[in-house]
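# Examining the three-dimensional arrangement
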Amino acid sequence: MAIPFLQTVLVGTYVVRQRLAGRKRYPLVLMLEPLFRCNLACAGCGKIDYPDEILNKRLPLADALHAVDECGAPVVSIAGGEPLLHKELPEIVKGIIERRKFVYLCTNALLMMKHLHKYKPSPFFVWSVHLDGDKEMHDKSVCQDGVYERAVEAIKAAKALGFRVNINCTLFNNSEPERVAAFFDTLAPMGVDGITVSPGYAYERAPDQQHFLNRTKTKELFRDIFRRGNNGRNWSFSQSSLFLDFLAGNQEYHCTPWGNPTRTVFGWQRPCYLLGEGYVGTFRELMEETDWDAYGTGNYEKCADCMVHSGYEATAVNDAVAHPIKAAITAMRGMRTTGPMVPEIPLQAQRPAQYMFERQVKEQLAQMHGAEPLKKAAGR
């Protein structure tokens, strides 16, 4: 695994403290989205489908650092949009590191070479470069030629300067296991320190709705990939072994959306990074007033096929702290790629999906213009 020892110790200590305090729900990773604007328009992304007025909004430095303090999570993942478009981002990163929080700066790398000099290598800082496969796979995924080569150039430049660099990779139902495995084989020679991998999530407004994975297909895909890499041991993943084992269908987990709370330009997003079904002004409101039982696979139709790391990694980490021997054995043997899978979560009782994107856009525009916000749906 590619998680540094310092991070393992500090995050593990944090989790143990939360458990000893008897807290049922606590954050592990703050998903900080200081803007929605991006310089790409990927077919599988539902994060940029907003009017220009909203895409031009930025979360100010003071608000970003207040969110870090308010939440208290030991890890901050800065996403977007493309975070490097934010003029105050170097100060945001510096402020988070000064708080001894681990920062994962997610970027498509198109602006990375231009901005590398604004950051300093630190054991608390990681570049997380979006790379969905080899040149053909990635450029097709981001709907633009030449992006893969620029990302690889930026990765090598960052490594030469002493930075830690991971890649984040999203897989869809057209992914070819043999080709994905071959791509993973190229990453260590490239200098990549770790891989964060996740199945694609069917964003409500994503342009391409045809290639998202259901849970059975997700498990089959990851088994086929891990099998080609010595049960996954050939590659350095920046994820818990139990989450990867979950992707292979060997662990029965439920989503813990509060583990990765999201702060955007709109406020704290309910219920999670992937679903935007309302916003509140404070982290306490998010934690105490969200109807968490209304969400998750088996509870809500939108969540039916989700196995994404932002929903399940915190579950796996909590399980690893509770059962360290199981986690250690899984890490040593790799992910099981044969035999029966754990039973699926029944979907019969899930409530139907509510589609509210258009309403939320109208609400946000109304608030920006000083108008009275629309009345919220009851219970949300």
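In the block above lies the structure referred to throughout.
Summarised in this report is the structure supplied together with it. Quick caveat, the model's predicted, so the values are computed rather than measured.

## Looking at the overall build of the protein
- Each helix and strand in the protein was counted, giving 14 helices and nine strands.
- A compact globule built from 380 residues should have a C-alpha radius of gyration of about 21 Å, and the protein, at 20 Å, falls within 12% of that.
- Dimensions of the protein, computed from C-alpha atoms along their principal axes, come out at roughly 60 × 50 × 45 Å.
- Residue pairs at least 24 apart in sequence account for 76% of intrachain contacts in the protein once pairs closer than 6 positions are excluded.
- Between the centroid of the 45 positive side chains of the protein and the centroid of its 42 negative side chains there is a distance of 4 Å.

## Remarks on the pairing of strand β1 (residues 29–32)
- Residue alternation in β1 divides its side chains into two sets, Val29 and Met31 and Leu30 and Leu32, and both sets are buried.
- In terms of strand pairing, β1 meets strand β7 (residues 262–264) through two bridges, oriented parallel. Each residue of the ladder has a partner; that of Met31, found in β7, is Thr262.

## Some remarks on the state of the cysteines
- The tally for this structure, following the rule as stated, stands at zero disulfides.
- The thiol of Cys303 is unpaired, and the distance to the nearest cysteine sulfur, on Cys272, comes to 6.4 Å.
- Distance from the sulfur of Cys306, which forms no disulfide, to the nearest cysteine sulfur (Cys255) is 6.1 Å.

## A short note on the packing of aromatic side chains
- This structure, assessed with the given rule, holds 23 aromatic pairs.
- Ring centres of Tyr119 and Trp127 lie 5.2 Å apart, and the angle between their planes is 75°; on these two criteria the pair is classed as edge-to-face. Of the two residues examined, Tyr119 and Trp127, each falls in the buried class.
- Judged by centre distance (5.2 Å) and plane angle (70°), the rings of Phe184 and Trp235 are edge-to-face. One end of the pair, Phe184, is in helix α8 (residues 177–190); the other, Trp235, is in the loop between α9 (215–227) and α10 (241–247), with 51 residues separating them in the sequence.
- Across from the ring centre of Trp258, 4.7 Å away, lies the NZ or CZ of Arg25, which sits over that ring.

## Some points on the environment of Ala41
- With respect to the helices, strands and loops of the structure, Ala41 is situated in the loop between β1 and α2 (52–55).
- Sequence-distant contacts of Ala41, defined by excluding residues within four places in its chain, comprise Ile48, Val142 and Cys143.

## Observations regarding the pattern of salt bridges
- Counted under the stated rule, the structure contains 18 salt bridges.
- The residue Asp134 makes a salt bridge to Arg179 at a minimum N-O spacing of 2.7 Å. On the criterion of sequence distance, the pair formed by Asp134 in the loop between β4 (125–130) and α6 (135–141) and Arg179 in helix α8 is long-range, its members being 45 residues apart.
- Here Arg179 falls in the partly exposed class, since its relative accessible area comes to 25%.
- Residues Glu344 and Arg215 are paired through a salt bridge, measuring 2.9 Å at the closest nitrogen-oxygen approach. A residue pair is termed long-range when its members are at least 10 positions apart, and Glu344 in the loop between α13 (324–333) and α14 (357–368) and Arg215 in helix α9 qualify at 129 residues.
- With a relative accessible area of 33%, Glu344 lands in the partly exposed category.
- Through salt bridges with shared partners, a single ionic network connects Asp134, Glu136 and Arg179.

## Some details on the environment of Arg263
- With respect to the helices, strands and loops of the structure, Arg263 is situated in strand β7.
- A relative accessible area of 11% places Arg263 in the buried class.
- Placed 216 residues apart in sequence, Arg263 and Lys47 show a C-alpha to C-alpha distance of 14 Å.
- Not counting residues within four places of it along the chain, the set of residues in contact with Arg263 comprises Leu30, Met31, Leu32, Glu33, Leu59, Asp63, Ala67 and Trp268.

## What about the nonpolar core?
- Core analysis: the biggest nonpolar cluster contains 112 residues, and Leu32, Ile78, Trp127 and Phe184 have the highest contact counts within it.
- In terms of residue count, the dominant contributor to this core is helix α7 (residues 147–160) (seven residues).
- Look past the residues within four positions of Ile78 in its chain and what remains in contact with it is Leu32, Pro34, Pro83, Leu89, Ile92, Val93, Ile96, Val103, Tyr104, Leu105 and Cys106.

## A few points about helix α12 (residues 309–322)
- The first and last C-alpha atoms of α12 sit 19 Å apart over 14 residues, in line with the 20 Å expected at 1.5 Å per residue.
- Residues of α12 that are buried: Ser310, Gly311, Tyr312, Glu313, Ala314, Thr315, Ala316, Val317, Asp319 and Ala320.

## With respect to the side chain of Gln360
- Topologically, Gln360 is positioned in helix α14.
- Here Gly276 takes part through its backbone oxygen, which lies 2.9 Å from a polar atom of the side chain of Gln360.
- The contact partners of Gln360, leaving out residues within four places of it in the chain, are Gly276, Glu277, Gly278 and Tyr279.

## Some points on the packing of helix α3 (residues 61–71) against helix α4 (residues 89–98)
- Across the interface, α3 lies against α4 with an axial gap of 10 Å and an inter-helix angle of 25°. One element, α3, and the other, α4, form an angle in the roughly parallel class. When the axes of α3 and α4 are compared, the crossing they make is right-handed. Every residue of α4 that contacts α3 at Leu61, Ala64, Leu65 and Val68 is listed here: Glu91, Ile92, Gly95 and Ile96.
- Taken together, the residues that form the contact of α3 with α4 break down as six nonpolar, one polar and one charged.

Thresholds applied
- Residues numbered from 1 in each chain as written.
- Predicted model: local features only at pLDDT ≥ 70, side-chain atom pairs only at ≥ 80, totals over all residues.
- Heavy atoms only, no water.
- Helix = DSSP H or I, 4+ residues; strand = E, 2+ residues; numbered from the N terminus.
- Rg over C-alpha atoms; globule rule 2.2 N^0.38 Å.
- Contact = heavy atoms within 4.5 Å.
- Lys, Arg positive; Asp, Glu negative; His and termini not counted.
- Charge placed at Lys NZ, Arg CZ, Asp CG, Glu CD.
- Buried < 20%, exposed > 50% of the residue type's maximum accessible area, 1.4 Å probe, protein only.
- Pairing = 2+ DSSP bridges.
- Disulfide = S-S within 2.5 Å.
- Phe/Tyr/Trp six-rings, centres within 6.5 Å; stacked < 30°, edge-to-face > 60°.
- Lys NZ or Arg CZ within 6 Å of the ring centre and 35° of its normal.
- Salt bridge = Lys/Arg side-chain N within 4 Å of Asp/Glu carboxyl O.
- Core = buried A, V, L, I, M, F, W, Y, C linked by side-chain atoms within 4.5 Å.
- Expected span 1.5 Å × (residues − 1).
- Polar contact = N/O pair within 3.5 Å; in protein donor to acceptor, adjacent residues only side chain to side chain.
- Axes fitted to C-alpha atoms, helices over the stretch in contact; angles between N-to-C directions.
- Parallel < 35°, antiparallel > 145°, perpendicular 65-115°, else oblique.
- Left-handed = near helix turned anticlockwise from the far one by under 90°.
- Nonpolar A, V, L, I, M, F, W, Y, C, P; charged D, E, K, R; others polar.

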